Each structure stands twice: as structure tokens, then as C-alpha cells.
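# Descriptive structure summary
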Amino acid sequence: MNILWDFDGTLFDTYPALVEGFVTLSQRDLERNEVLRWLKVDSKTAFKHFGIDEDRRAEYKQLDIKYSKESKPFEHLEEVLAAVENNIIVTHRDKESAYNLLEKYGLTKYFKEIVSVEEQGFKRKPHPSSYQFVLKKYDIDLVVGDRELDLLPARQLGIKTVAFQNRNIEADFHLDSYAEFIPVVFKNKSL
């Protein structure tokens, strides 16, 4: 089985770092749960909602890298990664910070490739160009993400989807923990 993974909020619990970076960027005392709710839609929407200029995106990325150094992978993730033939990441995060977090927890060995959307010149998700790039190299069976924008390109391309810790988006499977992955997803005969 070949799986395409989102990174933030899917492989690593980076939302606390993303929220702190966003609050710092805003220079206001924003309610963190509201910031999280908007970031779970996507950062572009959060920027617009809170009136932050898109020109500050590079500054936000630097704050994210700074805060996310303490982010951890989700529990039971390594068991799933070890059971998969090819794991590929498609992320808005830069490759270096993704590799640093993976390396910190000994997870780099499980990944064939990391595609950094903007760094490699693709349009931001949900545009399917980065997924199409991956499909030219790998026969992807499943896409795992925590937001609609992660799963929308997969659905457009006819790939099965897993929504992680988000039951409010359309997906073939919904999981709250990676402990459920092997019994629920791998045991499903339709894959």
C-alpha cells in the first residue's frame, strides 16, 4: 500500500505551534480556540478572517518553524508507517523543517519523498498539481489528512481518503487515533 500524507495536524501535532505563531504574528490577544478553528480551515482563510496581510506569510512560516520544534508525532503513527510500503508527504511546510521533525523522532526512514508545495512551485492545496506530481511516480492507494483541503484533491483524482481527527469533512474513513488505522483501514477489503 502507498499512502500520501499531509504533515501538520496529520503526522505531527503541530497545531499548538501554529496557533502560537499566528497569535504572535497578529500582535493581539486572540482567543486560541478561535484561531485553531480558522487554521483548521486553512491559513489563508485565517489570515483573511483576522485581517492579517498575506504579505506576512513568510514571517508566519518562520514563527511556525520556531514554535514547532517541540511538536511531536501522533501516538501509534510509527506502527502505521512501518506497515506501509511507500509513505509520501505533501505539505505546505518547507522540507527542511519537516525533515528535522521526522529525524528528531527517527521517522525519516519511513518516507520515500517529501513534496513541499510552495517550495517546489506547486499551487497551494486544494489545487491537485502536487498530488498529480506524486501520482506520476507512485500508485497512491490512500490520502490521509486532517483538513478538507488535504482530501479534496484526492477525491478529485479518485483516491480513497482518511480524515484524521476531523469528522466534519467528507472522507472514506474517519479516525480519531492511529491505533484504529490498521484494524479499520487495512482490514477494509475495498482498498
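Figured I'd write up the structure that's included with this text. Note that the structure is predicted; figures quoted are calculated from it, not measured.

## A word on the sheet that holds strand β2 (residues 86-91)
Read from one edge to the other, the open sheet built from 6 strands follows the order β3-β2-β1-β4-β5-β6, with strand pairing classed as parallel. What marks the edges here is a single partner per strand, and that holds for β3 (111-116) and β6 (173-175). Ignoring which end each strand starts from, the neighbouring axes of this sheet average 20° apart. Alignment of β2 against β3, held across 5 bridges, turns out to be parallel. Note that in β3 the partner of N87 across the bridge is F111. Helix α6 (residues 95-104) contacts β2 and β3 of the sheet and is inclined by roughly 145° relative to β3. Most of the contacts of helix α8 (residues 148-156) go to strand β4 (residues 142-145), to which it runs at about 165°, and overall it touches β4 and β5 (160-164).

## Notes on unusual backbone geometry
The residue after K125, namely P126, is reached through a cis peptide bond having omega 20°. Relative to the assigned elements, P126 resides in the loop between β3 and α7 (129-135). Here the phi dihedral of Q27 falls at roughly 60°; this positive angle occurs in a residue that is not glycine. Mapped onto the elements, Q27 comes out in the loop between α1 (15-26) and α2 (32-39). The phi dihedral of Q165 is positive, around 50°, even though this residue is not glycine. One can find Q165 in the loop between β5 and β6.

Calculation rules
- Residues numbered from 1 in each chain as written.
- Predicted model: local features only at pLDDT ≥ 70, side-chain atom pairs only at ≥ 80, totals over all residues.
- Heavy atoms only, no water.
- Pairing = 2+ DSSP bridges.
- Helix = DSSP H or I, 4+ residues; strand = E, 2+ residues; numbered from the N terminus.
- Axes fitted to C-alpha atoms, helices over the stretch in contact; angles between N-to-C directions.
- Contact = heavy atoms within 4.5 Å.

From the geometry alone we can't say anything about function, so treat these as descriptive.
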